[in-house]
Amino acid sequence: MVLIRGYKDTDYDDVRLNLQEGDLYNPERDSRHGLGEKIRRNPDSILVAEDRERAVGNVYIVEDGWAAFIFRLAVRRSYRESGIGSLLMENAEARMRKKGIKEVSISVRDHEVALKEFYAKRGYIALPMTHRWMYKALE
C-alpha cells in the first residue's frame, strides 16, 4: 500500500531518481540543499509517495497565499499507470483546499501530450496563452 507523506532528507536519492526518470531534474534547484531549504521554509511543500520504504513518486507545492502552483509531479517509471500520480495530485490539492486556496496552476511542456491528458482528466484547463517561462539567477 502506498503512503502519501511529507518529504524527509532521507528521501533525497529516490526523489532525484524520480525527477531524472521524468526529465524534470534541475541540479541546482533540486539539489539536496535546495530541497532542504524548501521544506525548511514550508514543511508541507514536497509530498512523496512511499512504497516499501522508498519514495516512488513526488510532487512539489508552491504557494504564498496569493497564487499556488504544482510542480515536479514525478513517478518512478516502474510505478507509472498505478494511480500514484493521481494520489499525489489529490493529496496536494486537498492540502491546498485546507489552507483556503481556491485555484492552482501547473506548467506542462507542449510536447507532453499524455501528461496534458492526465491533467485534463483531473479538471485542469489549458489556457489559450503562449507564454514562455523565463528565469534569472540572482547571484
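For the structure itself, consult the block above.
My aim in this report is to walk through the structure given alongside it, one point at a time.

How each quantity is defined
Residues numbered from 1 in each chain as written. Predicted model: local features only at pLDDT ≥ 70, side-chain atom pairs only at ≥ 80, totals over all residues. Heavy atoms only, no water. Phe/Tyr/Trp six-rings, centres within 6.5 Å; stacked < 30°, edge-to-face > 60°. Buried < 20%, exposed > 50% of the residue type's maximum accessible area, 1.4 Å probe, protein only. Lys NZ or Arg CZ within 6 Å of the ring centre and 35° of its normal. Helix = DSSP H or I, 4+ residues; strand = E, 2+ residues; numbered from the N terminus. Contact = heavy atoms within 4.5 Å. Polar contact = N/O pair within 3.5 Å; in protein donor to acceptor, adjacent residues only side chain to side chain. Pairing = 2+ DSSP bridges. Axes fitted to C-alpha atoms, helices over the stretch in contact; angles between N-to-C directions. Salt bridge = Lys/Arg side-chain N within 4 Å of Asp/Glu carboxyl O. Lys, Arg positive; Asp, Glu negative; His and termini not counted.

**Observations regarding the packing of aromatic side chains**
The geometry of an aromatic ring pair is captured by two quantities: the separation of the ring centres and the angle between the planes. Applying the stated criterion across every chain, the model contains three aromatic pairs. Here the aromatic rings of Phe69 and Phe71 are separated by 5.9 Å at their centres, their planes lie at 20 degrees, and the arrangement is stacked. On the basis of relative accessible area, Phe69 is assigned to the partly exposed category, the value being 25%. Residue Phe71 is classed as partly exposed on the basis of its relative accessible area, which comes to 22%. Here the aromatic rings of Phe118 and Tyr119 are separated by 5.4 Å at their centres, their planes lie at 75 degrees, and the arrangement is edge-to-face. The class for Phe118 is buried, based on a relative accessible area of 18%. What links up through ring pairs into an aromatic cluster is the set Phe118, Tyr119 and Tyr124. Above the plane of the ring of Phe118 lies Arg122, whose end atom (NZ or CZ) is 3.6 Å from the centre.

**With respect to the environment of Arg80**
Within the fold, Arg80 resides in the loop between β4 (68-75) and α3 (84-98). C-alpha separation for the pair Arg80 and Val56, spaced 24 residues apart in sequence, amounts to 9.4 Å. Those residues within four positions of Arg80 in sequence are excluded, and the remaining contacts are Glu21, Gly22 and Val75. At 2.9 Å, the side chain of Arg80 and the backbone oxygen of Val75 are in polar contact.

**Remarks on the sheet that holds β4**
The sheet built from five strands is open, its strands ordered β1-β2-β3-β4-β5 with mixed pairing. Because the sheet does not close on itself, it has two edges, and the strands there are β1 (3-6) and β5 (105-106). Where strand β2 (residues 46-51) lies against strand β3 (residues 54-63), six bridges are found, and the strand directions are antiparallel. In the strand pairing of β3, Leu47 is matched with Val59. Here α3 sits on the sheet in contact with β1, β2, β3 and β4, set at roughly 160 degrees to β4.

**Brief notes about the pattern of salt bridges**
In this structure the tally under the stated criterion is 14 salt bridges. Put simply, Asp9 and Arg32 hold a salt bridge, and the shortest N to O gap is 3.0 Å. Placement of the pair is Asp9 in the loop between β1 and α1 (12-21) and Arg32 in helix α2 (residues 32-41), with a sequence separation of 23 residues. Among the salt bridges present, the one from Asp13 reaches Arg16, with a minimum N-O distance of 3.9 Å. In this pair, Asp13 and Arg16 are both assigned in helix α1, three residues apart and thus about one turn of the helix distant.

**Comments concerning the side chain of Asp51**
Within the secondary structure layout, Asp51 lies in strand β2. Notably, Asp51 is buried but unbridged: the nearest opposite-charge side chain belongs to Arg52, and the N-O separation is 4.1 Å. Aside from chain neighbours lying at most four places away, what touches Asp51 is Met1, Val2, Val56 and Tyr79.

**Here's the deal with α1**
Residues Tyr12, Asp14, Val15, Asn18, Leu19 and Glu21 constitute the buried set of α1. Downstream of α1 by one or two residues, Asp23 has phi in the positive range, about 55 degrees.

**Digging into the pairing of β4**
Most of β4 is tucked away: six of the eight residues are buried. Direction of pairing for β3 relative to β4: antiparallel, over a ladder of six bridges. Residue pairing in the sheet places Tyr60 in a bridge with Phe71 of β4. The loop that links β3 with its antiparallel partner β4 comprises four residues; one of these, Gly65, has a positive phi angle of about 90 degrees. Here β4 runs beside β5; their pairing, made up of two bridges, is parallel. Across the sheet, residue Phe69 finds its bridge partner in β5, namely Ser105.

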